[in-house]
Amino acid sequence: MLGGEYRHNMDAKNRIFVPAKLREELGETFVIAKDIRENCLKMYSLSGWEAYTKPLREQNRNLAERILRYLHASLTQVTPDSQGRVVLPPELVTHAEIEKPVVIVGCGEYAEIWSEATYARLKDEEDVEQLLHELEALGL
């Protein structure tokens with residue numbers, strides 16, 4: 001299970017360090033893709049990506065093809081170098097508005113990569129009471 005919050009800097013070659021605990025779960029090669037709801041990136045193991053996209057492939061063909069095209073157009077499969085770094089393509093850096101500091105957050109089956117500024121705004125705007133209310137409504 002992917003968890004934790006990690007802060008690192010992206011270097012001049014768009015490389016970021018992926019913590020060893022996350023690399024262990026993600027595997028030797030994994031996927032980084034745009035998040036379709038937020039200005040962040042998501043990292044999935046190869047099997048996790050297949051599980052995530054499986055329901056899409058079962059939808060109306062027109063919808064499935066449009067969404068899969070969007071997701072796969074900028075997707076990158078990465079294998080960390082000997083120092084645990086991966087290269088983010090410019091399109092992914094632009095989508096997530098990453099400048100230098102990044103925050104990597106483990107979210108169970110996937111991890112997110114955020115620009116530090118965007119993540120700080122997200123945390124500031126987070127309504128914990130509303131989240132608790134929603135969890136209680138689900139019986140959790």
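Residues numbered from 1 in each chain as written. Predicted model: local features only at pLDDT ≥ 70, side-chain atom pairs only at ≥ 80, totals over all residues. Heavy atoms only, no water.

1. Structural notes on the nonpolar core
Counting 22 residues, the largest nonpolar core has Ile32, Met43, Leu88, Ile98 and Ile113 as the members making the most contacts within it. Looking at this core, the elements that each hand over two or more residues are helix 1 (20-26), strand 3 (30-34), strand 4 (41-45), helix 4 (90-95), strand 7 (101-106) and strand 8 (111-115). The contact partners of Leu88, leaving out residues within four places of it in the chain, are Met10, Asn14, Ile16, Ile32, Leu41, Val93, Ile98 and Ile113. Ala33, Tyr44, Ala64 and Leu71 belong to the second-largest nonpolar core, a separate cluster that totals eight residues. (Core = buried A, V, L, I, M, F, W, Y, C linked by side-chain atoms within 4.5 Å. Buried < 20%, exposed > 50% of the residue type's maximum accessible area, 1.4 Å probe, protein only. Helix = DSSP H or I, 4+ residues; strand = E, 2+ residues; numbered from the N terminus. Contact = heavy atoms within 4.5 Å.)

2. Structural notes on the side chain of Lys34
In this fold, Lys34 is placed in strand 3. Assessed through its relative accessible area of 13%, Lys34 is described here as buried. Here Glu91 takes part through its side chain, which lies 2.9 Å from a polar atom of the side chain of Lys34. Not counting the four nearest positions on each side in its chain, Lys34 is found in contact with Cys40, Leu41, Tyr70, Leu71, Ser74, Glu91, Leu92 and His95. (Polar contact = N/O pair within 3.5 Å; in protein donor to acceptor, adjacent residues only side chain to side chain.)

3. Overview of unusual backbone geometry
Although it is not a glycine, Asn14 adopts a positive phi angle of roughly 65 degrees. Despite not being glycine, Glu97 shows a phi value in the positive range, around 55 degrees.

4. Describing the packing of helix 2 (residues 46-57) against helix 3 (residues 61-73)
When two helices pack together, their arrangement is captured by the angle between the axes and the distance separating the axes. Packing of helix 2 against helix 3 leaves a shortest axis separation of 9 Å and a crossing angle of 155 degrees. It follows that helix 2 is roughly antiparallel to helix 3 by the angle criterion. Together, Trp49, Tyr52, Thr53, Leu56 and Arg57 of helix 2 and Ala64, Ile67, Leu68, Leu71 and His72 of helix 3 make up the contact between the two elements. When the residues that make up the contact of helix 2 with helix 3 are grouped by side-chain class, the tally is seven nonpolar, two polar and one charged. (Axes fitted to C-alpha atoms, helices over the stretch in contact; angles between N-to-C directions. Parallel < 35°, antiparallel > 145°, perpendicular 65-115°, else oblique. Nonpolar A, V, L, I, M, F, W, Y, C, P; charged D, E, K, R; others polar.)

5. Thoughts on the pattern of salt bridges
Within this structure, the stated rule accounts for nine salt bridges. With a shortest N-O distance of 3.5 Å, Lys42 and Asp35 are connected by a salt bridge. An identical accessibility class is assigned to Lys42 and Asp35; each is buried. Bridged by salt links that share partners, the residues Glu5, Arg7 and Glu116 form one connected network. (Salt bridge = Lys/Arg side-chain N within 4 Å of Asp/Glu carboxyl O.)

6. Digging into the packing of aromatic side chains
Inspection of every chain in the model, using the stated rule, returns five aromatic pairs. Between Trp49 and Tyr52, the aromatic rings sit 5.5 Å apart at their centres with planes inclined by 40 degrees, giving tilted as the arrangement. One end of the pair, Trp49, and the other, Tyr52, are both in helix 2, three residues apart, so they sit about a helical turn from each other. Residue class for Tyr52 comes out partly exposed when judged on its relative accessible area of 27%. Relative to Tyr119, the ring of Trp114 lies with its centre 6.0 Å away and its plane at 50 degrees, an arrangement referred to as tilted. Across this residue pair, the class does not change: Trp114 and Tyr119 are buried. A connected cluster of aromatic rings, assembled from ring pairs, spans Tyr44, Trp49, Tyr52 and Tyr110. Across from the ring centre of Tyr110, 4.3 Å away, lies the NZ or CZ of Lys42, which sits over that ring. (Phe/Tyr/Trp six-rings, centres within 6.5 Å; stacked < 30°, edge-to-face > 60°. Lys NZ or Arg CZ within 6 Å of the ring centre and 35° of its normal.)

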